[in-house]
Amino acid sequence: MLSTKVEELLNAQVEKEGYSSLLYLSMASWAETKGFPGISQWLYAQADEEKNHMLEFVHYINDRGGKALISGLKKPQDNYQGIKQLFNDVMSHEQFISASINDIVGLCIEERDYTTQNWLQAFVAEQIEEEASVQAILDRLNLIGDNNMYMFDRDILSMRSASTDSAE
Ligand SMILES: [Fe+2]
Ligand SMILES: [Fe+2]
């Protein structure tokens, strides 16, 4: 059985993972209309992954005797100045999510909910991977500068398949 506090934070995470999915979907659509098929595909796949994370939280809450709540989500930004700005935003968002997962782990320890703390470890690992993979993209972008987006767009999908999705 979940404590009220833990259930509340898990439900807040349902919302955050759902928002992550919408955010990446919005970025994917933007990239698609700007003529970046590779980048948009990377972002569409990311959006799917985040939707799966949301579902994992929903099922976990319900399986543990709580009630998962689906809230209305705020509209994500729909315009970006460029690819670098977009991936900087992805990085900030992933760091925000990592901090949020950390907060839940901290609360679980406080509340002695070691079951949930243990379950969350897949997401702790997932966030390490997410940040590393976005950092690799930012490093690559810094290396090539702003003028070689065609190559970057072509190569980004191979960067994705190099990483595995541990929380899936
Ligand atoms: Fe996620
Ligand atoms: Fe993520």
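Residues numbered from 1 in each chain as written. Chains lettered and ligands numbered in written order. Predicted model: local features only at pLDDT ≥ 70, side-chain atom pairs only at ≥ 80, totals over all residues.

(A) Local environment of the overall build of the protein chain. Of regular secondary structure, the protein chain possesses five helices and zero strands. Reading the helices (α) and strands (β) of the protein chain from amino to carboxyl end gives α-α-α-α-α. Here the C-alpha atoms of the protein chain give a radius of gyration of 17 Å, agreeing with the 15 Å that 2.2 N^0.38 yields for 168 residues. Projecting the C-alpha coordinates of the protein chain onto the three principal axes gives extents of approximately 55 × 30 × 20 Å. When burial is assessed residue by residue, the protein chain has 31% of its 168 residues classed as buried. Sequence separation of 24 or more characterises 76% of the internal contacts of the protein chain that already satisfy a separation of 6 or more. (Helix = DSSP H or I, 4+ residues; strand = E, 2+ residues; numbered from the N terminus. Rg over C-alpha atoms; globule rule 2.2 N^0.38 Å. Buried ≥ 20, exposed ≤ 12 C-beta atoms within 10 Å, placed from the backbone. Contact = placed C-beta atoms within 7 Å.)

(B) Molecular detail of the nonpolar core. Core analysis: the biggest nonpolar cluster contains 17 residues, and Tyr24, Met27, Ala28, Ala31, Ile39 and Leu43 have the highest contact counts within it. Mapped onto this core, the elements with two or more residues apiece are helix H1 (4–33), helix H2 (37–63), helix H3 (83–110), helix H4 (114–144) and helix H5 (149–161). No other element matches the five residues that H1 contributes to this core. Apart from the residues within four sequence positions on either side, Ile39 is in contact with Ala31, Ile83, Asp153 and Ile156. Counting 13 residues, the second-largest nonpolar core is a separate cluster that includes Leu10, Ile61, Ile104 and Cys108. (Core = buried A, V, L, I, M, F, W, Y, C linked by C-beta atoms within 7 Å.)

(C) Seen up close, H1. Between its terminal C-alpha atoms H1 stretches 44 Å, which fits the 44 Å expected from 30 residues at 1.5 Å a residue. Where H1 terminates, the next one or two residues include Gly35, which has phi positive at roughly 85°. (Expected span 1.5 Å × (residues − 1).)

(D) Up close: the environment of Asp48. Summarising the element assignment, Asp48 is placed in helix H2. Of the residues examined, Asp48 has 15 C-beta atoms within 10 Å and is grouped as partly exposed. Counting along the chain gives 46 residues from Asp48 to Leu2, while the straight-line C-alpha distance between them is 27 Å.

(E) How the structure looks around H4. Look at H4: 45 Å from first C-alpha to last across 31 residues, which is about the 45 Å you get at 1.5 Å a residue. Along its length, H4 reaches its greatest deviation from straightness, about 30°, at Leu120. Listed in full, the buried residues belonging to H4 are Thr116, Leu120, Phe123, Glu126, Gln127, Glu130, Ile137 and Leu141. Just past H4, the residue Gly145 takes up positive phi, approximately 70°. (Bend = angle between axes of the 7 residues up to and from the residue.)

(F) Just the packing of H1 against H2, in detail. Closest axis-to-axis distance for the H1/H2 pair is 8 Å, and the angle between their directions is 165°. One element, H1, and the other, H2, form an angle in the roughly antiparallel class. Crossing of H1 over H2 shows left-handed handedness. For the contact of H1 with H2, the class distribution of residues is 16 nonpolar, eight polar and five charged. (Axes fitted to C-alpha atoms, helices over the stretch in contact; angles between N-to-C directions. Parallel < 35°, antiparallel > 145°, perpendicular 65-115°, else oblique. Left-handed = near helix turned anticlockwise from the far one by under 90°. Nonpolar A, V, L, I, M, F, W, Y, C, P; charged D, E, K, R; others polar.)

(G) Geometry of unusual backbone geometry. The backbone of Arg112 shows a phi angle near 55°, a positive value even though the residue is not glycine. Structurally, Arg112 is set in the loop between H3 and H4.

(H) Quick look at the packing of H1 against H3. With their axes 10 Å apart at the nearest point, H1 and H3 run at an angle of 170° to one another. It follows that H1 is roughly antiparallel to H3 by the angle criterion. Counted together, Lys5, Val6, Leu9, Leu10, Gln13, Lys16, Ser20, Leu23 and Met27 of H1 and Leu86, His93, Ile97, Ser100, Asp103, Ile104, Leu107 and Cys108 of H3 form the full contact between these two elements. When grouped by side-chain class, the residues that make up the contact of H1 with H3 number 10 nonpolar, four polar and three charged.

Take it as geometry only, folks, not as evidence of what the structure does.
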